[in-house]
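Single-letter residue listing:
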Amino acid sequence: MASDHEESDAELDENYYTFLNLPRDATAEQINTAYRKQSRMFHPDKHLEPDSKKKAEIMFNRTKRAYEVLSDPQQRAIYDSVGEKGLRTEGWEILHRTKTPDEIREEYERLAEAAAERRLQQRTNPRGNITINVNATEIFAPYDDSEMPRVEIGSMSIAQSIEAPITRKDMIIMSGNLYSSNGNGSGGFVIAGRRLLNKGWLELCAGAGNGFLLGLKGGRTLSQKLTLNGGTNLNFRDQGVIPALFSTLAVQLDKHTMGSLTLNAGPQSSMSTQIDHSKETYSLSSSLVIGTPHVYFGLSYTRKMMENELKLKLAAKVGTFGFMGEYGVEKKVSKYSSVTATVSIGVPSGVILKFKILRSNQSYVFPIHLSDEIVPAAVFYASVTPVIAWFFIKKTVMDPMVAERKTIEVERTKRQNEQRLSAKRQEASAAIHLMQATYNRIMTEELARKGLIVTRAVYGCTVEGGSQFKPEQSLDVTVPIQCMVKDGTLQLHDSSKSDLPGFYDPSIGDDKTLRIEYTYQDQFKVINVKDNEALRLPLPLPG
């Protein structure tokens, strides 16, 4: 169940465009015409019987509400941007001052951000990382051919942090880490207090682990394109106090490009510069690091295949340490989860296969060291193994999980909207009842001109093969479809038909079809269209 502060994603939304049978880019004239046509059909004064008048009031009020939203540029901008929930958002006191749709959208985003911030104060924001380094070099370079190759865990590290908001501007951040390698371990703990300032932030931290740690950090937005972050740490150890300074200056070079310059002064001093260029279909990054113990240049390229929720990655580094090349792929598997597989080839690192699983703010990394040298067999198996593993896991684990999740989501949606769906069914029945006079008039006109006469129309789910409809998951919509015919023409737009007057969704989450049997100029036709498919009848007659 959704909380009082947060809408459920499963809640069904009203589609005012479909209810008036309009395209989303409808003009003011089209909106007025659709409203007048539907008002004449559902106006309470047109129906004299008490029961019919009561039903007409419900349908007329829905028609009036749809017209009020779509005919008002400000309300329409809200509805187009975020749906009906935007119209119910608290805090629209500035509505009378807003001049343009863009300002409306910006104000909604501000209100949504403020609501998200209030929700954030009620929870922590956990972030974590687990890295397990696996040594599998004996597979390709065995010490003893008579023994099975050993695969060992070389090291493991765990890091975790949480944020605890105190006020809207203050928060406490607690983080810790553990590291173990070859039987030796270490760890640390840091607690920090952060305060948001005008155009910036300030953080004071203290920690323990490899000596007592005291630090001060801060950041400030200097201009619209320039930001500065920096700080200092003092590490108190047995041999003395070890100071460290760091600073990063970032500048937006153009709409798609960011540049940064970072200086580090301490036990391992360095200076680095980085340029990141990102567009919708790709991103490119270059970096140069000069310091101790190494100097190197790096370049990376990512190809974004958004339609497949896939990213292809290439990277290379060369410097005093040697060189390294890397290629890999990242696949988004759900709204908050992704998996990444990369192959690293270099000198002196050898061949490393790395798996990474990201779930929200938690990451799990598994670098598998296959070879100390560049061995062709290691490169081949490092490249092929992730592909085989992906298809195996997808077929045996992920696809069943996705199907199960979809079933659960559909059932949850049905439960949450059960009362509303019941009302929709009653409303559809009432609408068909109220349409009878309009239906009879249009039928008479179309028969006289041998125009578009709908003999039968059914909307719902079909059995496998699509030839027959499931009785319990379909409904007769002959009357509503005929009532949408004007001057021998029927036009439906590319949205779900379930929001049309006289329709409802007979099976939430399932694919649905609209079948229309009709005659035009005494020729019989049958047409099937998908739920979100546009349609214009009559179809052209054969020459």
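Residues numbered from 1 in each chain as written. Predicted model: local features only at pLDDT ≥ 70, side-chain atom pairs only at ≥ 80, totals over all residues. Heavy atoms only, no water.

The name given to the protein in an unreviewed UniProt entry is J domain-containing protein, and the organism recorded there is Drosophila yakuba.

(A) Local environment of the overall build of the protein. Each helix and strand counted, the protein has 10 helices and 23 strands in total. Put simply, the protein has 543 residues, and 35% of those count as buried. Of all intrachain contacts in the protein linking residues separated by at least 6 positions in sequence, the fraction that spans at least 24 positions is 42%. As presented, the protein carries roughly 32500 Å² of accessible surface, and 56% of it is formed by carbon and sulfur atoms. (Helix = DSSP H or I, 4+ residues; strand = E, 2+ residues; numbered from the N terminus. Buried < 20%, exposed > 50% of the residue type's maximum accessible area, 1.4 Å probe, protein only. Contact = heavy atoms within 4.5 Å. Areas by Shrake-Rupley, 256 points an atom, 1.4 Å probe, with all protein chains shown as cover.)

(B) Inspection of the packing of helix 3 (residues 50-71) against helix 4 (residues 73-82) at higher detail. Following both chains from N to C, one finds helix 3 and helix 4 inclined at 95°, their axes separated by 5 Å at the closest point. Classified by the angle between their axes, helix 3 and helix 4 sit roughly perpendicular to one another. Residues Arg65, Glu68, Val69, Leu70 and Ser71 of helix 3 lie in contact with helix 4, whose contacting residues are Pro73, Gln75, Arg76 and Tyr79. Here the contact of helix 3 with helix 4 is built from residues that sort into 4 nonpolar, 2 polar and 3 charged. (Axes fitted to C-alpha atoms, helices over the stretch in contact; angles between N-to-C directions. Parallel < 35°, antiparallel > 145°, perpendicular 65-115°, else oblique. Nonpolar A, V, L, I, M, F, W, Y, C, P; charged D, E, K, R; others polar.)

(C) Looking closely at the sheet that holds strand 22 (residues 523-530). The strand order across the open sheet formed by 4 strands is 19-18-21-22, and the pairing between neighbours is antiparallel. Across the chains shown, the open sheet's two edge strands, defined by having one partner strand only, are strand 19 (469-476) and strand 22. Neighbour to neighbour, the strand axes of the sheet diverge by 25° on average, direction disregarded. Sheet topology note: the strand 21 (residues 513-520)/strand 22 ladder contains 8 bridges and is antiparallel. Residue pairing for strand 22: Ile516 is matched across the bridge by Ile527. (Pairing = 2+ DSSP bridges.)

(D) Local environment of the pairing of strand 17 (residues 362-371). Burial within strand 17 is extensive, with 7 of its 10 residues counted as buried. Sheet topology note: the strand 1 (residues 127-135)/strand 17 ladder contains 6 bridges and is parallel. For Ile130, the partnering residue across the bridge sits in strand 17 and is Tyr364. Examined bridge by bridge, strand 16 (residues 350-359) and strand 17 share 9 bridges and lie antiparallel to one another. Residue Leu358 lies in a different strand from strand 17, and its bridge partner there is Ser363. The turn joining strand 16 and strand 17, which pair antiparallel and follow one another in sequence, is formed by 2 residues; a positive phi near 55° is taken by Ser360.

(E) Up close: the pattern of salt bridges. In this structure the tally under the stated criterion is 16 salt bridges. A salt bridge links Lys313 to Glu330; the nearest nitrogen and oxygen atoms lie 2.9 Å apart. Of this pair, Lys313 sits in strand 13 (residues 310-319) while Glu330 sits in strand 14 (residues 322-332), placing them 17 residues apart in sequence. Here the salt bridges do not stand alone but share partners, grouping Arg24, Arg76 and Asp80 into one network. (Salt bridge = Lys/Arg side-chain N within 4 Å of Asp/Glu carboxyl O.)

(F) Expanded view of the environment of Arg36. Within the secondary structure layout, Arg36 lies in helix 2 (residues 28-42). For Arg36, a relative accessible area of 47% puts it in the partly exposed group. As a C-alpha pair, Arg36 and Tyr67 span 31 residues in sequence and 9.7 Å in three-dimensional space.

(G) Quick look at unusual backbone geometry. Geometrically, the link from Val347 to Pro348 is a cis peptide bond, its omega value of 10° lying close to zero. Pro538 follows Leu537 through a cis peptide bond whose omega is 5°. Inspection of the secondary structure puts Pro538 in the segment after strand 23 (535-537).

(H) Highlighting the packing of helix 2 against helix 3. Look at helix 2 against helix 3: their axes get within 9 Å of each other, and the N-to-C directions meet at 170°. Our classification of the angle between helix 2 and helix 3 gives roughly antiparallel. Each of Ile31, Asn32, Tyr35, Gln38, Ser39 and Phe42 in helix 2 lies in contact with helix 3, whose residues at this interface are Ala56, Met59, Phe60, Thr63, Lys64, Tyr67 and Leu70. Taken together, the residues of the contact of helix 2 with helix 3 break down into 8 nonpolar, 4 polar and 1 charged.

(I) Layout of helix 4. Within helix 4 the residues assigned to the buried category are Gln75, Arg76, Ala77, Ile78, Tyr79 and Val82. In the stretch just after helix 4, Gly83 is the one whose phi turns positive, near 85°.

(J) Region of the structure containing the packing of aromatic side chains. By the definition in use, this model includes 9 aromatic pairs. Each ring, one from Tyr282 and one from Tyr301, has its centre 6.2 Å from the other, and the planes form 25°; the classification is stacked. A residue pair is termed long-range when its members are at least 10 positions apart, and Tyr282 in strand 11 (residues 282-291) and Tyr301 in strand 12 (residues 295-305) qualify at 19 residues. Assessed through its relative accessible area of 31%, Tyr301 is described here as partly exposed. Ring geometry for Tyr296 versus Phe321: centroids 5.9 Å apart, planes at 85°, classification edge-to-face. You can see Tyr296 sitting in strand 12 and its partner Phe321 sitting in the loop between strand 13 and strand 14, a full 25 residues away along the chain. Here the aromatic residues Tyr16, Tyr17 and Tyr79 are joined through ring pairs into a cluster of three or more. Sitting over the face of the ring of Phe19, Arg62 holds its NZ or CZ atom 4.0 Å from the ring centroid. Between Arg194 and the ring centre of Trp201, over which it is positioned, the NZ or CZ distance is 4.8 Å. (Phe/Tyr/Trp six-rings, centres within 6.5 Å; stacked < 30°, edge-to-face > 60°. Lys NZ or Arg CZ within 6 Å of the ring centre and 35° of its normal.)

(K) How the structure looks around the environment of Ala56. Inspection of the secondary structure puts Ala56 in helix 3. Sequence spacing of Ala56 and Leu434 is 378 residues, and the spatial spacing of their C-alpha atoms is 6.9 Å. If sequence neighbours within four positions are ignored, Ala56 has contacts with Phe42, His43, Pro44, His47 and Leu434.

(L) How the structure looks around the confidence of the model for the protein. On average, the protein scores 88 in pLDDT, and the residues at 70 or more come to 90%. Per-residue pLDDT stays below 50 along residues 1-10; that stretch engages in 17 contacts with residues further than four places along the chain or on separate chains. (pLDDT = per-residue confidence, 0-100.)

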